[in-house]
Amino acid sequence: MIKAENIHKSYGTLEVLKGVSLEVKPHEVVSIVGQSGAGKTTLLQIIGTLSAMDSGTLTIDGKQVERMSDDQLSDFRNRRIGFVFQFHHLLPEFSALENVMIPALIAHREPQEVEQEAKQLLEMMNLKERLKHKPSALSGGEQQRVAIARALINRPALLLADEPSGNLDSKNREEIHSLFFRLRDELGQTTLIVTHDEGLASMADRKITMRDGEII
């Protein structure tokens, strides 16, 4: 699902990634750990096509990323990659259901089909009774589950999560952690997670450790 080879990235004179290579198989949950400044989030942003690498090659779901135009990248990102961040970034004026539907409507999918899928995803997240609630009426854990449903609405090949439970209490943290493995088991979802949480990292199928811009 992911094949990254010899990825380099610098900001000015600071070399953040020093020839990183990794592969992630379909249906695999892989965690990336390391101290702050190790290059984890930069690598995740490059794999998510949110940031360009200086050199190297990156293939996601059979597509060579560096050969795509900006428009092709935007379309690919919307349709094939789902993102979950530490902060949910839900739109406050929209309901949980509407927030989940938005990426699919941007992709010009049929609204009735999108609404049905969004309801199914929110039901899977145990949020069936919260469809019409706005983010301000949801708990932190509920908001993050809405954000995960939103990331899944376009049936992405790859789910990328950056500190997905870092802003939650222990109970909600455990629920979110378990959810990633339900998604693997029930949907066959491939997931790459950057985390400081050793509990979550150790649950993954594989744990990758980074230090000073390299995988060790």
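This text goes with the structure placed above it.
Trainee: Teacher, can you tell me more about the overall build of the chain here?
Mentor: Tallying secondary structure elements over the chain gives seven helices and ten strands in all. Its C-alpha atoms put the chain at 50 × 40 × 30 Å along the principal axes. Expressed as a percentage of its 216 residues, the buried residues of the chain come to 49%. Put simply, 72% of the contacts in the chain that link residues at least 6 apart link residues at least 24 apart. Split by element, the accessible area of the chain, about 10600 Å² in all, is 48% carbon and sulfur. Taking the average place of the 26 positive charges on the side chains of the chain and the average place of its 31 negative ones, the gap between the two points comes to 2 Å.

Trainee: Would you mind going over the pairing of strand 1 (residues 2-11) with me for this structure?
Mentor: Of the pairings in the sheet, the one linking strand 1 to strand 2 (residues 14-24) comprises eight bridges and is antiparallel in character. Bridge pairing links Tyr11 to Leu14 in strand 2. What sits between the antiparallel neighbours strand 1 and strand 2 is a turn of two residues, in which Gly12 has the positive phi angle 65°. As judged from the five bridges shared by strand 1 and strand 4 (residues 55-60), these two strands associate in the antiparallel manner. Residue Lys3 lies in a different strand from strand 4, and its bridge partner there is Thr59.

Trainee: Before we go on, may I ask you to explain the nonpolar core in this structure?
Mentor: Within soluble globular proteins, side chains that are nonpolar tend to cluster in buried spots. In terms of nonpolar packing, the biggest core is built from 34 residues, with Leu122, Met125, Val146, Ile148, Phe180 and Leu183 touching the most fellow members. When residues of this core are traced back to their parent elements, those giving at least two are helix 3 (96-106), helix 4 (111-124), helix 5 (140-152), strand 7 (158-162) and helix 6 (170-187). Looking at this core, the element that brings in the most residues is helix 5, giving six residues. Of all hydrophobic cores here, the second largest spans 30 residues; its members include Ile32, Leu44, Val65 and Leu73.

Criteria and thresholds
- Along each chain, numbering runs from 1 in the same order as the chain's sequence is written.
- In view of the model being predicted, local features appear only for residues whose pLDDT reaches at least 70, and side-chain atom pairs are presented and counted only at 80 or more, with totals across whole chains, interfaces and linings using the full set of residues.
- For the side-chain quantities, the full set of heavy atoms in the structure was used; hydrogens and water were omitted.
- In this text, helices come from DSSP runs of H or I with a minimum length of four residues, and strands from runs of E with a minimum of two, each type numbered from the N-terminal end.
- Buried, partly exposed and exposed residues are distinguished by accessible area as a fraction of the type maximum, computed with a 1.4 Å probe on protein chains only: under 20%, between the cut-offs, and over 50%, respectively.
- By definition in these notes, contact holds between two residues if any of their heavy atoms fall within 4.5 Å.
- Accessible surface is estimated by sampling points in the Shrake-Rupley manner with a 1.4 Å probe; for residues, cover comes only from the protein chains shown.
- Charge assignment in this entry is limited to Lys and Arg as positive and Asp and Glu as negative, and neither His nor the chain termini are counted.
- A charge is said to be at NZ when it belongs to Lys, at CZ for Arg, at CG for Asp and at CD for Glu.
- Strand pairing is assigned whenever DSSP detects at least two bridges linking the two strands.
- Here, nonpolar core refers to any group of buried Ala, Val, Leu, Ile, Met, Phe, Trp, Tyr and Cys residues whose side-chain atoms link them within 4.5 Å.

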